[in-house]
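# Analysis of the macromolecular model
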Amino acid sequence: TTNDTTPQSLSNRNPVALLEQYNAENHALRSFGNVQIDYKFPFLPDLHANLNLGYDAADYKGTTKIPADAAQAYNAIPTLRGENNQYYNDYYNKVGEFYLNYLKDIESIKSNINAVAGYGYYDNYTFARYFYGFSAVNDTLTGSKPTTPTSYSEVTLESYYGRLIYTYNSKYILMGSIRTDGSSRFDPAYRWGVFPSVAFTWKIGQETFLKNSKGISALNLRLSDGVTGNQDGIGYYSYLNYYLPSSVTSQVNFGNNYYSPYSPSAFAKDLKWEQTETKDAGLDFGFLNNRIGGSLDYYYKKTSNLLATVFVPELTNFGNQLTRNVGNMTDEGVDFNINATAVRTHNVNWDIAFNVAYNKFTITNLSVSQDSLAKAN
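First things first, this report covers the structure right here in the doc. (Residues numbered from 1 in each chain as written. Predicted model: local features only at pLDDT ≥ 70, side-chain atom pairs only at ≥ 80, totals over all residues. Heavy atoms only, no water.)

### Digging into a nonpolar patch on the surface
A cluster of nonpolar side chains, I109, Y166, Y168, L174 and V198, forms an exposed patch at the surface whose accessible area comes to about 430 Å². By the element assignment, L174 lies in strand β8 (residues 172–183). The exposure class of L174 is partly exposed, given its relative accessible area of 44%. (Patch = residues over 30% accessible without salt bridge, like charges linked within 9 Å, V, L, I, M, F, W, Y side chains within 5 Å. Areas by Shrake-Rupley, 256 points an atom, 1.4 Å probe, with all protein chains shown as cover. Salt bridge = Lys/Arg side-chain N within 4 Å of Asp/Glu carboxyl O. Helix = DSSP H or I, 4+ residues; strand = E, 2+ residues; numbered from the N terminus. Buried < 20%, exposed > 50% of the residue type's maximum accessible area, 1.4 Å probe, protein only.)

This is the structure:
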């Protein structure tokens, strides 16, 4: 519906015109590959070197064209009608991992050693360029300028790690590990995090006083304590104060040209790794040749420097929402599982399982500012 060649803004658009006057073409090329090499040293056969390399690359480009007389792209400004847009996007993801693994049985002292030391490199790169044109002004984009300068984003994660598992007499297992991760999502002052862990397992069922028991098939005690880090949900450059151009519809006219205003981004320079420490004590059991089995676990988790997107007070940053380290929380619980094989024949197996859990979740602090309560927790 028109009023003197002007489309009514609230009227429905012609479905045929929506299809016939919209032309979009998209092209995509993608390549990915992986190679892994495992090498056993001839002078030390218990030592292996493993190299893993991978990549994922993609190229996307496309155009969108709508004629100037199309109601679906009508604008009150004659020179800003229709569409003649182009985009070019490239993605490059790279993975590089290398580690040494030493595995050795030392029968003379009833021991087994399993040691790993390695390095990981993970990089994700995106290139983007967009051209926005209007059909009433030019039917091609030759000589036109992109609405924004060529932009790219890149995030890199580097990891160094080591792990040692020592087993004595097939009954006592001690594991210790430590890893250091560095992420480009953080300011250099807070980029690296250190995350250690330790665990112990005692196979009580292998002890002499239980090994020949007809009733107890398995009995293991587990203890562990470890720290993990989290960076999910953080933008690639959240710690930097960069400037972004406005959309096409917000451009300002000076003379015969339209310009996009730039506005600063909100940022948090002091962002840190979110860290969660988990303590666990567990018991695994089995009875009657493992016809009945299950586990009982108690765990306690404490998360510090919790990452969350929160509202910030006006005039304190260049935005009203920001991802920050906002507080601490704890998670405590008990988990009990039991399963039994009620029937086991040549033709029929009937298994029964039951579990019950108790969990208590507590937010001990939820504050952006480092007040006395935050320090206490």
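### Quick word on the pattern of salt bridges
A complete count under the given rule lists 11 salt bridges for this structure. Here E207 and K171 are joined by a salt bridge, their closest N and O atoms 3.2 Å apart. Note that E207 is positioned in the loop between β9 (192–203) and α2 (208–211) and K171 in the loop between β7 (151–168) and β8, a separation of 36 residues in sequence. Overall, the relative accessible area of 11% leaves K171 in the buried class. Among the ionic pairs, D284 bridges to R222, the shortest N-O distance being 2.8 Å. One end of the pair, D284, is in strand β15 (residues 274–287); the other, R222, is in strand β10 (residues 216–230), and 62 residues separate them in sequence.

### Topic: the packing of aromatic side chains
Counted by the stated rule, this structure contains 14 aromatic pairs. The interplanar angle of 25° and the centroid separation of 5.8 Å between the aromatic rings of Y125 and Y152 together place this pair among those described as stacked. Separated by 27 residues along the polypeptide, Y125 in strand β6 (residues 111–133) and Y152 in strand β7 bring together distant segments of the chain. We classify Y152 as exposed; its relative accessible area is 53%. Among the aromatic residues, those joined into a cluster by ring pairs are Y39, F41 and F43. For the cation-ring pair, K301 lies above Y299, with the distance from its terminal atom to the ring centre recorded as 5.9 Å. (Phe/Tyr/Trp six-rings, centres within 6.5 Å; stacked < 30°, edge-to-face > 60°. Lys NZ or Arg CZ within 6 Å of the ring centre and 35° of its normal.)

### A look at the pairing of strand β16 (residues 292–304)
As defined by bridge partners, β15 adjoins β16 across 13 bridges and the pair is classed as antiparallel. The residue of β16 that forms the bridge with D280 is Y299. Taken together, β15 and the strand that follows it, β16, pair antiparallel across an intervening segment of four residues, in which L288 is found at a positive phi of about 55°. (Pairing = 2+ DSSP bridges.)

### Re the environment of N317
By the secondary structure assignment, N317 is in the loop between β17 (307–311) and β18 (321–325). N317 gets classed as partly exposed once you look at its relative accessible area, which sits at 23%. C-alpha of N317 to C-alpha of S265: the two residues are 52 residues apart in sequence and 8.5 Å apart in space. Apart from residues lying up to four places away in sequence, N317 is in contact with S265, A266, F267, V312 and L322. (Contact = heavy atoms within 4.5 Å.)

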